[in-house]
Every structure is written in C-alpha cells, then in structure tokens.
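# Close look at the chain arrangement
Here are the chains, one letter per residue:
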Amino acid sequence: MSSSSTPSCDGSGNPSPAAAAGAVSAAAAAAGPAAQWPRRQCRDVFWLVVFLLHLLVFGAALALFGLNRFRQADRFNIGRYANLTAEPWGTTATPAGSPDPAPSAPPPPSVYRSEDPSVPASELTETYWKFYGAAGAVGAALACAWLAAAAWRKDGGKVVMRTAVHCLTAYLAVVSVLCFWGKHFFWGVALAVGAGLHFLYVMSVLDRFPFTMLVLQKAVRMVRELPDVMRIAYAFVLVMLCWMALWSFGVSGIVAFGIPNGGQWWLLLIFSVSLFWTGAVLSNTVHVIVSGMVFLVLIHGGPAAATMPPKPLLKSLQYAVTTSFGSICYGSLFTAAIRTLRWEIRGIRSKIGSNECLLCCIDFLFHIVETLVRFFNKYAYVQIAVNGQSFNRSARDAWELFQSTGIESLIAYDCSGAILLMSTILGGLITGTCMGVWTYYKQSDKAVMVGSTSMLMGMILVGLTVVVVESAVTSIYICYAEDPLLIQRWDPEFFEQMSEALHQRLQYRSARARQILNGRLDHLPHSSSI
C-alpha cells in the first residue's frame, strides 16, 4: 500500500491505494479511460473451492434429512444407522413368557396425519418447517426495519446506538426469566450471565459513547448518500432467505427425527456452523461491495462528482463475487471469532488490578490475539475491494497502515463495532424468542432447540443489513489513515473532530506508557554506588 506509486483507476473508477493518497486532481485524472487498472487475478482460490464444495455437500445432506421425514416417517430408513427401533403405536416390549398386556389407548385423532396414521404429526418435517419459515420472515422484517430506521433518519446513528445499549440488557434479562419459567435452567443462567456482562461492558465504556455516536452518525450519513448499497443489502437478504429455506427444511427433518443420546444437538451444531459460515460469506460480500463504493465516493469528493465513473456498483459487485470471492470465503471463517475474542480480552485486561500472575497470563493471550488480528481483521475487506489482494496480505497492509499512523489507538477507542454487534444479537434474540414461545405452546420439548436455531437465523439476516453501516465505518478509517485530506474534503467538521480525538488518544497512550515504564523501574533493585 505504497503512496508513492502512480495513481491509477480501472474502468469502473475503483481507485488503487495510491490514488487514495493523491490530491483531487490526481484522482480525477486517474478516473479517465487512459489510466486503467491491470486485470485482477482470483485470490485464495482454495478456499473458494472449499466453500463451494461445502455448499454442495451440506445442501445434499439437508435435502436428505428433510425428505427423510417429509409426509412419511423415515422414508429412507436412516433410522437404522442411529440404532432406532420404532415400536408400533400403542405397544411396548415385554419379557419372554409374560402375558400380553392390554393395548394402550391410541392418541387423539387430532395428532394423526392422513398419509400415515401410525405416525404423530410432531415427528414429521413439515411440523417444524413452519416455525423456521416464520423465523425467516421475522428476521427479514427486522433486518429491513433496522436498515430503514438507521439510514432513512438524520439521527439514525442515535437510534441504532440507544436501541442496542438500552434494549439488549433488558431483553436478555426478560428472556432468561422466560427460560426459568419454562424450566430450562441452563439457558436461563446463561442469558442472565450475558445480561450482567453486557451491563458491565456498557458501564465500562460510557466515556467512549460520544465519539462512537459521532462515527456512527457520519457512517449513516454516508450510507444515506448511497441508496444503491441499501438495495444490494436487501437483495442479499433475499438470497440468504433462499438458502435458509433449504437449511430449515433439513433442520426440521433433524428435529423431527428424534436421534437419541444428544445426536440431534450435535447435528444441529454442525449445520449451524455451516449456516454461520454461509451467512458470514454473504455479509462480507456486502462489506466488500459497500467498502468499494464508499472509498470511491471519498476519492471523488461525493457521489454526484463529475469524475464519478458510470455504474460503479455493478463493477464492485462483479469483483466481489468473482476475483475476490475466495478471499471473502477465507476471511469469513475466522474474522468474527477473533474480533470477538479480542474485545473480550481487552475488557478483561483493562479491569485487572495488581495481580501480576494473572496480568502476565492475560498479556500472553492478548499478544497472541493481536498477532492473529494482524492477519484477520475486518479492515482487510476494504483493501480487497480497492486493490483485489489476498485476504492475509490485505489484513496485514491495513494493520501496518493503522499502526504506522497511530489510527489503531482511535479504532481501539471506538465502540461502533460492539454497538452494531449488539444490534445483531438483539435481532437474533427477538427472532428466537418469538419462535421459542410459539414452539413451547405447540411442542414444549422442542422449544429450546427451535428457538436457538431460529436465533441464529435472525442474527444472520439482521447482520446482512448491519454490515452496510459497519462497512462505511471501516472505509472512513482506512481513508483517514491513507490521506486525511479525503475526509476533510468530504466533511471538514468531522475531520477536525477526528483529528482532535486522535491527538487525545495518542497523548493518553504516551502518558500510559510512561507510567507503566516508571512503575517497572521503581521495582528494580537500586544498585549501590561504586
């Protein structure tokens, strides 16, 4: 990411990193047809193949599990692999030589199906598929409502932040009470602990909220200036719903199958990881598209600038789903988990007192995670959108840029990523709660199973729209690190606020470093004078 190379742009107008550091005239000149980007190469092809094979294998498995109990119980005789012995309805096994017991009364006619009167309706795929269909509808509605509330209001950043901060703790507490009421004590305790941890986190970062609010407001303004990226988000929600139709069909068959010894939970875990990866890939594809568009707007000084190329969104979409798709698949496996782990360790590290042993252990974990962040961070997607490099190289370049300019201290102070994650979790909780309560009244023993998987569906759908704002935030930081004048031309007042915040954070870190160094020197033994 050298700023000394010649500025260049492809036919779509997507700028190279060198063009980001140039002046307005250089960017405008680069937008002409004479300055062309070299043809992009496909990156991280291995992970692209792995992802496509994963879709093929898991899609076939989902269809198999769903059809196995669709309208007919165990039509493919999969039960023999799970050592299931289905007794005829109303009979039980008796020891040899014992008199035959009287047959038990059959269940009410309302639970029979006309296709197979010996099988209760609760054991068939279509019984649970309606719950997952409703979960998809609720999740999609929440996703569209979130993006509309965030992007179509001037105070959208405030709405997003206040909803995430104030509602999530209360909602976690309410859902934990519902779990205790339904005698699901493990989930009740887990959600109650989550509510407490979220409350403590909010209290520990209250001083960061004014700056976070500022960044979110400017990111929402950027999204509002680009209505096409919102249409892209809605389109990807529709694509995700199509995959979820197949996924929920197969999972409904698993829930209806009744595998003993926790086999259902293991299968659900495997297919949930698959759904999470697929959702992350689609979400990060939107991330790359939006990042390319935001970077382009900042380079040219606005979406209505005369130097803006024609149809830039289509070109960004083309790059995202072709040459850069392998890098997106690769980064989607690890980025979210490492980012969440980094937040947790940072929070624990800041709360440790004088316990040197514990501090040493946490510092060791912190340095490991920081090393991983160097190769797996969300800012890599901006670099992928701009220059089409591989994921690891893009992540490393972005992190080195932040550390060399000091922007990393500002990013660490910003809580916008955590706020947007809270919005995603809240959307998932609402979806999971609605489906869990409905299932509880229809089939109480399956309420947690259906509710937890529905929560994942809601989180993925809401995350597809939340990533639009997150992409704007990451692109603003990359542009500010590359050339602060890009932000100054776009919003001079915001540039002054960013510069002042960066100056304060660098001063704070410098004072903190001197304090730690002096503390360590004080513990050294004083050498006697010779």
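Criteria and cut-off values
Residues numbered from 1 in each chain as written. Predicted model: local features only at pLDDT ≥ 70, side-chain atom pairs only at ≥ 80, totals over all residues. Heavy atoms only, no water. Helix = DSSP H or I, 4+ residues; strand = E, 2+ residues; numbered from the N terminus. Buried < 20%, exposed > 50% of the residue type's maximum accessible area, 1.4 Å probe, protein only. Contact = heavy atoms within 4.5 Å. Areas by Shrake-Rupley, 256 points an atom, 1.4 Å probe, with all protein chains shown as cover. Axes fitted to C-alpha atoms, helices over the stretch in contact; angles between N-to-C directions. Parallel < 35°, antiparallel > 145°, perpendicular 65-115°, else oblique. Nonpolar A, V, L, I, M, F, W, Y, C, P; charged D, E, K, R; others polar. Left-handed = near helix turned anticlockwise from the far one by under 90°.

We now examine the overall build of the protein chain. For the protein chain, the helix and strand inventory stands at 19 helices and zero strands. Residues classed as buried in the protein chain amount to 49% of the 530 residues present. Counting contacts in the protein chain only where the partners sit at least 6 residues apart, residues at least 24 apart contribute 78% of the total. A total of about 25100 Å² of accessible surface is found on the protein chain, and carbon and sulfur atoms cover 65% of it.

Time to look at the environment of Gly194. Mapping Gly194 onto the fold places it in helix H6 (residues 185–204). Residue classification places Gly194 among the partly exposed residues on the basis of a relative accessible area of 24%.

A few words now on the packing of helix H7 (residues 209–224) against helix H17 (residues 447–482). Contact geometry of H7 with H17 gives a least axis separation of 8 Å together with a crossing angle of 105°. The orientation of H7 relative to H17 falls into the category roughly perpendicular. Each of Phe211, Val215, Leu216, Lys218, Ala219, Val220, Met222 and Val223 in H7 lies in contact with H17, whose residues at this interface are Val468, Val469, Ala472, Val473, Ile476 and Tyr477. Considering only residue class, the contact of H7 with H17 consists of 13 nonpolar, no polar and one charged.

Moving on, we come to the packing of helix H14 (residues 391–405) against H17. One can describe the packing of H14 onto H17 by two numbers: an axis separation of 10 Å at closest approach and a directional angle of 55°. Compared by their axis directions, H14 and H17 come out oblique. Of the two possible hands of crossing, H14 and H17 adopt the one that is left-handed. When H14 is examined against H17, the residues Ala398, Leu401, Phe402 and Thr405 are found in contact with a partner set consisting of Tyr477, Ile478, Ala481 and Glu482.

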